[in-house]
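Commentary on secondary and tertiary structure
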Amino acid sequence: MSKLTELSAWQALEDHYYTMQDRHLRDLFAADPTRGEKMTAEGAGLYLDYSKHRVTDETLKLLLQLAEEAGVAKKRDAMFAGEKINITEKRAVLHTALRAPRDAVIEVDGKNVVPDVHEVLDRMSAFAEQIRAGTWLGHTGKPIKNIVNIGIGGSDLGPVMAYEALKHYAQRDLTVRFVSNVDGTDLAEKTRDLDPAQTLFIVSSKTFTTQETMTNARSARQWLLGSLKDDAAVARHFVAVSTNAAEVTKFGIDTANMFGFWDWVGGRYSMDSAIGLSLMLAIGGDQYRELLAGFHEMDEHFRTAPAEKNLPMLMGLLGIWYNNFFGAESVAVLPYDQYLAYFSAYLQQLDMESNGKHVTLDNEQVDYQTGPIIWGQPGTNGQHAFYQLIHQGTKLIPCDFIGFCQTLNPMPPHHDLLMANVFAQTEALAFGKTLEQVLADGVDAKIAPHRVFEGNRPTSTILADKLTPHTLGALIALYEHKVFVQGAIWDINSFDQWGVELGKVLAGKIAPELQSEGEPELKHDSSTNTLIKRYRARRA
Ligand code: G6Q
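Every chain's residues receive numbers from 1 upward, in the order its sequence appears when written. Thresholds applied to this predicted model are a pLDDT of at least 70 for local features of residues and 80 or more for the giving and counting of side-chain atom pairs; totals over whole chains, interfaces and linings are not thresholded and use all residues. Side-chain measures here rest on the full set of heavy atoms in the structure, leaving out hydrogens and waters.

This brings us to the pattern of salt bridges. We define a salt bridge as a contact between a side-chain nitrogen of Lys or Arg and a carboxyl oxygen of Asp or Glu at a distance within 4 Å. Under the definition given, this model contains 28 salt bridges. The residue lysine 75 makes a salt bridge to aspartate 491 at a minimum N-O spacing of 3.3 Å. Note that lysine 75 is positioned in helix α6 (residues 72-80) and aspartate 491 in the loop between α20 (469-490) and α21 (501-513), a separation of 416 residues in sequence. Since its relative accessible area comes to 25%, lysine 75 is described here as partly exposed. Salt-bridge contacts for aspartate 173 lead to lysine 145; the nearest nitrogen and oxygen are separated by 3.2 Å. Under the scheme used here, helices are H or I runs from DSSP no shorter than 4 residues and strands are E runs no shorter than 2 residues, and both carry numbers assigned from the N terminus. The cut-offs for exposure are 20% and 50% of the maximum accessible area for each residue type, with area from a 1.4 Å probe on protein chains only; residues under the lower value are buried, those over the upper are exposed, and the others partly exposed.

Quick look at the structure:
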């Protein structure tokens, strides 16, 4: 038995589960009419209603006790203090320093890192000003109109999500695109209608060695030089975001045009480092700082709010309740805002790469479930696609509904309709519709069971006033810290990603074997050998 499952709170929760597994949200709400007002919390401009969860005061007490016994607060403080909690890479985990105010002091190996953070931010802002004002000229003297970020994983998903989320605040005469896939189609389609003389590439790569990104960056350089026909053009059309100055120089980008960050920023936690340069070019330095302020406000809330009113803590613990006691396999994140179209995809990496782990910090194989599958799509589209399974399927899928009280595009009655759907869905999921109610509606008894909604489907509702850079920062930090809370309880390292290595190494080995010329000998299993041979025979 591992340490987690030996904790007294864990064992009490196991017993408590048996008293809760059949309790219906209908009864919980009937027993306490003030539940919907009481089971709420607020922080950094976000309001969380967690009353539609299958919990009682006792459940919450035990979950909070679990957090206490698992040492979550201590681990959180160690992260904020810059301790090297990423033990497999011997690194501090300090994305919170990226949004610390100028006068903060946060030390790594005895050095205050905050001045460096602000030095890079200031350089980014100055560069953004030049691009936005049209004073940074391309090689032929024309101003830059198109920005193409080349990156993948953590160097892509954050910027693309945040750019889409904050498009309303963007300078619209700039075209901003994101190339990530090593499939040449991505680069080809994203550049086909762009004028090379007015295009800036941001090569975003922490390591500057990532196969996909470097392949795309080299092809982008060819595309540019194919038109501008002068190697000197690279200096005006390529900038880099990286921690690896040597590789940046080798690629041909002057380090004067490089924006750095540090090894204590993990890829999937890096969107508010220089990796966010494409976003800053779009929305400008001031709004970018507003985004950082939103992140920081949630950091402070997580760091200081009492556990029972602490949003990341509550969301993390509720997730544990379903994941580890109800056996739920996934969580749906359902933002009711078109601007958040990429939010669930972003969270997939944040959560699944962080907590998709199978050994504890002490190298023990876990004997409990760790990270859930994260998925989702913006509402209301999902309602006409997969919600059927959430309402009437056999799987328990806790959902996060995210909505805003004000729209950025007032067009009555759209926003009221959108939000009516948020409230209607969470109500339907919680309370359902009984057979008696269905029959009372006059439905033929022969088909009535098909019309029954069991209900008791748990949801969180997160409401904010308006989607602003500040709100977005707070929302992202909320999920970052929710992931932290869960990883801390599962006693895993949420900050490495060795699981992506094996495939990378094998791809590096197989790539040269795909050349038919000379037919290099294949030493894989019979399936892989046969697939490679078929590909070799048919590749154009
Ligand atoms: C995230 C991962 C991973 C990383 C990409 C890109 O936490 O580390 O998604 O961001 O592999 O890496 P580079 O930025 O080094 O190109």
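Right, let's talk about the nonpolar core for a bit. Residues belong to a common nonpolar core when they are buried Ala, Val, Leu, Ile, Met, Phe, Trp, Tyr or Cys residues joined through side-chain atoms within 4.5 Å. Ranked by size, the top nonpolar core spans 129 residues in total, and within it Trp264, Trp321, Phe343, Leu472 and Tyr479 carry the most contacts. Examining the composition of this core, we find that 13 residues originate from one element, α20, more than from any other. Any two residues whose heavy atoms approach within 4.5 Å are treated as being in contact. Not counting residues up to four positions away in its chain, the partners in contact with tyrosine 479 are Met315, Val333, Phe343, Leu347, Leu350, Asp400, Ile402 and Ile462. Core analysis: the next-biggest nonpolar cluster, separate from the first, contains 23 residues, Ile150, Leu224, Ala233 and Ile253 among them.

Relative to the elements of secondary structure, asparagine 86 occurs in the loop between α6 and β3 (107-108). Residue class for asparagine 86 comes out buried when judged on its relative accessible area of 3%. Any N or O atom pair separated by 3.5 Å or less is treated as a polar contact, with the protein-specific requirement of one donor-capable and one acceptor-capable atom, and with residues adjacent in sequence counted only for side-chain atom pairs. Here the side chain of asparagine 86 touches glutamate 89 through a polar contact of 2.7 Å, side chain to side chain. Other than its neighbours up to four places away in sequence, asparagine 86 contacts Arg91, Val93, Asn493, Phe495 and Asp496.

Here the focus is the site of the ligand. Residues are classed as near a molecule or strand on a simple rule: at least one heavy atom within 4 Å of it. Near the ligand you find 13 residues, and of these Ser155, Ser205, Thr207, Thr210 and Gln349 are the closest. Lysine 206 is positioned with one of its backbone polar atoms (N or O) 2.7 Å from an oxygen atom of the ligand. At 2.5 Å from an oxygen atom of the ligand is found a side-chain nitrogen or oxygen belonging to threonine 210. Computed by Shrake-Rupley with a 1.4 Å probe, the accessible areas treat only the displayed protein chains as cover when residues are assessed. For the ligand, the accessible surface in isolation is 410 Å², of which the surrounding protein chains cover 88%. Structurally, the ligand is housed in the largest pocket. Throughout this entry, Asp, Glu, Lys and Arg are counted as charged residues, while Ala, Val, Leu, Ile, Met, Phe, Trp, Tyr, Cys and Pro are counted as nonpolar. The remaining residues, Gly among them, count as polar. Among the residues making up the shell around the ligand, the classes are represented as one nonpolar, nine polar and three charged. Grid points spaced at 1 Å and placed over the protein atoms alone form the basis of the search, with a cavity being a set where a 1.4 Å probe fits but cannot get out and a pocket an open set showing protein on both sides within 12 Å along at least five of seven lines. Lining residues have an atom within 4 Å of a point. By definition, a pocket or cavity contains a molecule when more than half of the molecule's atoms lie within 2 Å of the pocket's grid points.

Taken in spatial order, the five strands make up an open sheet running β6-β5-β7-β8-β9, and their pairing is parallel. The open sheet has two free edges, formed respectively by β6 (175-179) and β9 (258-260), since each of these has just one partner strand. Between one strand axis and the next, the sheet turns through 20° on average, direction left out of account. Interaxial angle, 0 to 180 degrees, is taken between N-to-C directions of lines fitted to C-alpha atoms, where a helix line uses only the stretch in contact. Packing of helix α7 (residues 114-133) onto the sheet brings it into contact with β5 (146-150), β7 (199-204), β8 (238-242) and β9, and relative to β9 it is tilted by some 145°. Helix α10 (residues 211-228) rests against β5, β6, β7 and β8 of the sheet, and its axis sits at about 160° to β7. For two strands to be treated as a pair, DSSP must find at least two bridges joining them.

Grid points are joined across faces, edges and corners, and a volume is the space filled by probe spheres set on the points. Taken as a whole, this structure holds four cavities of 30 Å³ or more when the rule is applied. There is about 130 Å³ of room inside the largest cavity. Elements with a minimum of two residues in the lining of the largest cavity: α15 (311-326), β12 (399-404) and α20. Of the residues assigned to the lining of the largest cavity, the class counts are six nonpolar, four polar and two charged. Taken together, Gly319, Tyr322, Asn323, Ala328, Glu329, Ser330, Val331, Pro372, Pro398 and Gln486 make up the lining of the second largest cavity. Contributing elements (two or more residues each) for the lining of the second largest cavity: α15 and β10 (330-335).

We now examine the pairing of β6. Regular strands place side chains that alternate from one sheet face to the opposite one. With five bridges connecting them, β5 and β6 associate as parallel partners. Bridging from a neighbouring strand, asparagine 149 pairs with phenylalanine 178 of β6. In terms of handedness, the path from β5 via helix α8 (residues 157-165) over to β6 forms a crossover that is right-handed. Classification remark: right-handed applies to a crossover when, strands pointing away from the viewer, the course from the first strand over the helix to the second runs clockwise.

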